[in-house]
Amino acid sequence: MAEKAGLSESALRSYELGNRHPKDAHIKLIAKALEVRLEAFADCRIRTSQEVIHLTFNLKENYGIVPIDGQAAVKGTGKHPEIAKAFLDWGEAHSKLESGEMSQEEYEIWKDSYSPYIRAI
């Protein structure tokens, strides 16, 4: 893995153990080596249900994500069609996970490599 990313083994090991934090350039190299999207390494730092609630409120203002009346669900309004597409794709992948058509490992790989721009909107 280190060789594929162009990093030393000791550097990669230090990152894995949490002894050091990689520079942005190294994170990009690691993501490329793993063939995952850079966003897969993002830490949104949302730790409480209260933070999740306020994040959902902000999604409306910034991305046009709104609640569906009478349901604990949201939908995209067309302001950002790639987000609406992502919700649809996520729902499809999650259904496959729930039905056993996709394993948990496959689902995690799907999430880490997902881009709504890969398939037509």
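A brief look at the structure comes next. Owing to the predicted nature of the structure, the values given are computational and were not obtained by experimental measurement. (Residues numbered from 1 in each chain as written. Predicted model: local features only at pLDDT ≥ 70, side-chain atom pairs only at ≥ 80, totals over all residues. Heavy atoms only, no water.)

**Details of the overall build of the protein chain**
Here is step 1: Looking only at helices and strands, the protein chain has 6 helices and 2 strands in total.
Here is step 2: N-terminal to C-terminal, the α/β element order of the protein chain is α-α-α-α-β-β-α-α.
Here is step 3: Taking 2.2 N^0.38 as the reference for a compact globule, 121 residues should give roughly 14 Å; the C-alpha atoms of the protein chain span a radius of gyration of 18 Å, well beyond that estimate.
Here is step 4: Out of the 121 residues belonging to the protein chain, those deemed buried represent 19%. (Helix = DSSP H or I, 4+ residues; strand = E, 2+ residues; numbered from the N terminus. Rg over C-alpha atoms; globule rule 2.2 N^0.38 Å. Buried < 20%, exposed > 50% of the residue type's maximum accessible area, 1.4 Å probe, protein only.)

**Quick look at a nonpolar patch on the surface**
Here is step 1: Side chains of Met-1, Leu-34, Leu-38 and Phe-41 sit close together on the surface and give an oily, nonpolar patch of about 350 Å² of accessible area.
Here is step 2: Assignment of secondary structure puts Phe-41 in the loop between α3 (24–34) and α4 (49–63).
Here is step 3: Assessed through its relative accessible area of 38%, Phe-41 is described here as partly exposed. (Patch = residues over 30% accessible without salt bridge, like charges linked within 9 Å, V, L, I, M, F, W, Y side chains within 5 Å. Areas by Shrake-Rupley, 256 points an atom, 1.4 Å probe, with all protein chains shown as cover. Salt bridge = Lys/Arg side-chain N within 4 Å of Asp/Glu carboxyl O.)

**Some remarks on helix α5 (residues 81–99)**
Here is step 1: Here α5 is 19 residues long and its end C-alpha atoms lie 27 Å apart, about the 27 Å a rise of 1.5 Å per residue gives.
Here is step 2: Listed as buried for α5 are Glu-82, Lys-85, Asp-89, Ala-93 and Leu-97. Buried residues along α5 cover an arc of 115° about the axis, so they all sit on one side. Turned more than 90 degrees away from the buried face of α5 sit Leu-88, Glu-98 and Ser-99, all of them exposed.
Here is step 3: Among the structural elements, α6 (104–113) are those in contact with the buried residues of α5.
Here is step 4: Gly-100 sits one or two residues past α5 and shows a positive phi near 90°. (Expected span 1.5 Å × (residues − 1). Arc of directions from axis to C-beta. Contact = heavy atoms within 4.5 Å.)

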